[in-house]
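Structural overview for review
Residue-level listing of the chains:
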Amino acid sequence: MDAPNQRYISMFIYYAALGIPRIDIERWRLSIVGEVERPLEFTYSELISMINVKYVRDFHCVTGWSVRDVEWEGVRIRDLASMVGVRNDAKWVIFRSADGYESVVPAEDALSEDAIVALRMNGKPLDLKSGYPARPFIPHLYGWKSAKWLTTIEFTKQYRDGYWEAMGYHERGNVHLEERFKGMEGTHTGKTRRVIA
Ligand SMILES: Nc1nc2c(c(=O)[nH]1)N[C@H]1C(S)=C(S)[C@@H](COP(=O)(O)O)O[C@H]1N2
Ligand SMILES: [Mo]
């Protein structure tokens with residue numbers, strides 16, 4: 001099913017709002033912190049050896065472009081969460097990147113079946129402009145949630161804006177409900193309306 005009000009294009013448009021960071025893969029770690037029993041960090045080779053998901057899913061940028069049939073490989077965030085022992089009161093997940101970019105998603109979405117830390121795309125490791133070495137990917141959420149050059153996954157009780165959320169973009173960003181901006185709720189008819197509190 002095509003995503004509502006999106007136009008399909010053949011290749012990604014690359015964004016780096018805060019610039020492309022330098023990555024030293026020997027020093028790079030993915031840290032899982034916050035409302036967890038045992039914070040952990042993973043090296044790149046550890047994560048590569050843990051890859052347990054491979055699927056084909058579309059990618060959707062909230063500005064209106066989508067890329068069809070991208071092959072993704074990665075590690076289920078759910079599995080990382082069970083290794084660190086996420087506490088029940090963790091309601092939000094903040095993804096933080098080497099460039100300082102952040103995005104936020106509900107813990108429920110980050111722990112859903114298809115939510116992964118993506119390490120490979122279309123049969124190859126992510127390349128630098130695509131967020132090497134890792135980016136979260138949650139197929140039913142808009143692309144701005146997929147923080148490239150990921151370094152930290154933080155579980156929190158309290159909601160906090162990331163980079164785009166601070167500019168009015170939605171707390172969750174569900175593609176099928178067209179949650180583009182805060183206060184916008186999908187009507188399931190392809191149109192959206194702004195809800196005024
Ligand atoms: N670190 C970082 N991650 C980011 C962005 C960014 O500017 N910096 N842009 C986001 C947005 S808005 C989109 S649509 C996707 C685009 O992914 P691409 O650059 O691989 O096309 O990355 C997301 N992740
Ligand atoms: Mo985007």
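Source: prediction; values computed, not measured.

**Overview of the site of ligand 1**
Residues in close proximity to ligand 1 total 18 residues, the closest being Ile13, Ala17, Asp99, Ser146 and Lys148. Contact distances for ligand 1 include 2.6 Å between an oxygen atom and a backbone N or O atom of Ile13. A distance of 2.4 Å separates an oxygen atom of ligand 1 from a polar atom in the side chain of Lys148. Protein chains bury 98% of the 520 Å² of accessible surface belonging to ligand 1 in isolation.

**Observations concerning the packing of aromatic side chains**
By the definition in use, this model includes 17 aromatic pairs. With a centroid separation of 5.5 Å and an interplanar angle of 80 degrees, the aromatic rings of Trp164 and Tyr169 are classed as edge-to-face. If you follow Arg57 out to its NZ or CZ, it ends over the ring of Tyr55, 4.3 Å from the centre. The ring of Tyr8 has Arg68 sitting right over it, with the charged end atom 3.9 Å from the ring centre.

**Focus: the pairing of strand β6 (residues 92-97)**
Of all 6 residues making up β6, 5 are buried, and the element is well covered by its neighbours. Two strands pair when backbone bridges link them, and β6 and strand β7 (residues 102-106) are joined in this way by 5 bridges, in the antiparallel orientation. The partner of Trp92 across the bridge, within β7, is Pro106. Taken together, β6 and the strand that follows it, β7, pair antiparallel across an intervening segment of 4 residues, in which Gly100 is found at a positive phi of about 95 degrees. With 6 bridges joining them, β6 and strand β11 (residues 150-156) adopt antiparallel strand pairing. Across the sheet, the residue bridging to Ser97 is Leu150, located in β11.

**Examining helix α2 (residues 77-84)**
Along α2, the positions that sit buried rather than exposed are Ile77, Leu80, Ala81 and Val84. The buried side chains of α2 occupy one side of the element, clustering within an arc of 105 degrees when seen end-on. Phi turns positive one or two residues past the end of α2, at Gly85, with a value near 70 degrees.

**A short note on the environment of Glu73**
Among the secondary structure elements, Glu73 is positioned in strand β5 (residues 65-76). Residue Glu73 is classed as buried on the basis of its relative accessible area of 12%. Beyond its immediate stretch of four places on either side in the chain, Glu73 contacts Ile51, Val53, Lys54, Ile116, Val117, Ala118, Leu119, Arg120 and Gly123.

**Let's talk about the pattern of salt bridges**
Applying the stated criterion to the full structure yields 19 salt bridges. Residue Glu154 pairs with Arg160 through a salt bridge whose shortest N-O separation is 3.3 Å. Among the residues examined, Glu154 registers a relative accessible area of 15% and is labelled buried. Across the pair Arg180 and Glu178 runs a salt bridge, and its minimum N-O distance is 2.9 Å.

**Looking at the pairing of β7**
Among the 5 residues that make up β7, 5 are buried, leaving the element largely enclosed by the rest of the structure. The alternating pattern of β7 places Glu102, Val104 and Pro106 and Ser103 and Val105 on opposite faces, both of which are buried.

**Description of the sheet that holds strand β2 (residues 30-34)**
The 5 strands lie next to each other as β3-β2-β11-β6-β7, forming an open sheet whose pairing is mixed. Strands with a single pairing partner mark the edges of an open sheet, and in this sheet they are β3 (40-42) and β7. Direction aside, the axes of adjacent strands within the sheet are offset by 20 degrees on average. Here α2 sits on the sheet in contact with β2, β3, β6 and β11, set at roughly 135 degrees to β3.

What counts, and where the lines are drawn
- Residues numbered from 1 in each chain as written.
- Chains lettered and ligands numbered in written order.
- Predicted model: local features only at pLDDT ≥ 70, side-chain atom pairs only at ≥ 80, totals over all residues.
- Heavy atoms only, no water.
- Near = heavy atom within 4 Å.
- Polar contact = N/O pair within 3.5 Å; in protein donor to acceptor, adjacent residues only side chain to side chain.
- Areas by Shrake-Rupley, 256 points an atom, 1.4 Å probe, with all protein chains shown as cover.
- Phe/Tyr/Trp six-rings, centres within 6.5 Å; stacked < 30°, edge-to-face > 60°.
- Lys NZ or Arg CZ within 6 Å of the ring centre and 35° of its normal.
- Buried < 20%, exposed > 50% of the residue type's maximum accessible area, 1.4 Å probe, protein only.
- Helix = DSSP H or I, 4+ residues; strand = E, 2+ residues; numbered from the N terminus.
- Pairing = 2+ DSSP bridges.
- Arc of directions from axis to C-beta.
- Contact = heavy atoms within 4.5 Å.
- Salt bridge = Lys/Arg side-chain N within 4 Å of Asp/Glu carboxyl O.
- Axes fitted to C-alpha atoms, helices over the stretch in contact; angles between N-to-C directions.

The analysis is restricted to geometry; functional conclusions fall outside its scope.
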